[in-house]
Amino acid sequence: MSPTTPSCRLQLAGQSVELLPERALWWPAGGALFVADVHLGKAAAFRALGQPVPFGTTARNLQRLDALIEQHRPRELVVLGDFLHGIHGRTRQLLDDLAEWRTHHESLRCVLVRGNHDSLAGDPPPALHFDIVDEPYLIGPFAACHHPQRHATHFVLAGHLHPVCKLHGRGRDSMRMPCFVRDEQRLILPAFGEFTGGWPVEAANGRHFYGIGGDAVWPLSN
């Protein structure tokens, strides 16, 4: 089950896409990079409630986005919901960091498909020049959504679940890993953001898992 490259190439809706170990999907023919559930400001929101959580997650998330954009040179970045976490995490520092990040990618079209946390946090400031849409956002053969769902004519790319899968070793050994989950006419992306947690997705007929381990994406057996 060793991948020949760090990414995992799939055919979806007649298109070649790459599942990236950075928890993103790259569609070369469309020049589009997809991420889900970035949850910027989540740590700050927890700190506002008195929870001792780490600093620096926003900077690391934006640095990871920078690296992906530098590597793939997309024409369009599509965020499949939950770009910002909540109103309490919408700090001046966060907005300043985002404004600085955006200046480095002025020519990049950024699209946010609203998720449930975006409704709580509010839309990104107009100065960030995001195109903000409700699901589904149709792009080529894909329906970009936040919530996993079906679409009558397009293959769905979604987030929301923060999917993880569990691998079992000998004895009682086990480990959880973030994963992509594919079933008929739908692919669910792992959460891009740090400090997001994960939800175990159960195996089912016709469901395929692509785990992220180390710096590679691994097709897993059901």
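None of these values were measured; they are calculated from a predicted model.

## A look at the packing of aromatic side chains
Applying the stated criterion across every chain, the model contains 4 aromatic pairs. Their ring planes at 75 degrees and their centres at 6.5 Å tell us that Phe34 and Phe142 sit as a pair that is edge-to-face. Here Phe34, found in strand S4 (residues 32-35), pairs with Phe142, found in strand S9 (residues 142-144); they are 108 residues apart in sequence, far enough to count as distant. In terms of burial, Phe34 and Phe142 fall into one category: buried. Classification of Phe142 as buried rests on a relative accessible area of 0%.

## Describing the side chain of His72
Topologically, His72 is positioned in helix H2 (residues 57-72). Judged by relative accessible area, which is 13%, His72 ranks as buried.

## Here we look at the side chain of Asp37
Locating Asp37 in the fold gives a position in the loop between S4 and helix H1 (42-48). Within the structure, the side chain of Asp37 is placed 2.8 Å from the backbone nitrogen of His160, a separation counted as a polar contact. A distance of 3.4 Å separates polar atoms of two side chains, one belonging to Asp37 and the other to His162.

What counts and what doesn't
Residues numbered from 1 in each chain as written. Predicted model: local features only at pLDDT ≥ 70, side-chain atom pairs only at ≥ 80, totals over all residues. Heavy atoms only, no water. Phe/Tyr/Trp six-rings, centres within 6.5 Å; stacked < 30°, edge-to-face > 60°. Helix = DSSP H or I, 4+ residues; strand = E, 2+ residues; numbered from the N terminus. Buried < 20%, exposed > 50% of the residue type's maximum accessible area, 1.4 Å probe, protein only. Polar contact = N/O pair within 3.5 Å; in protein donor to acceptor, adjacent residues only side chain to side chain.

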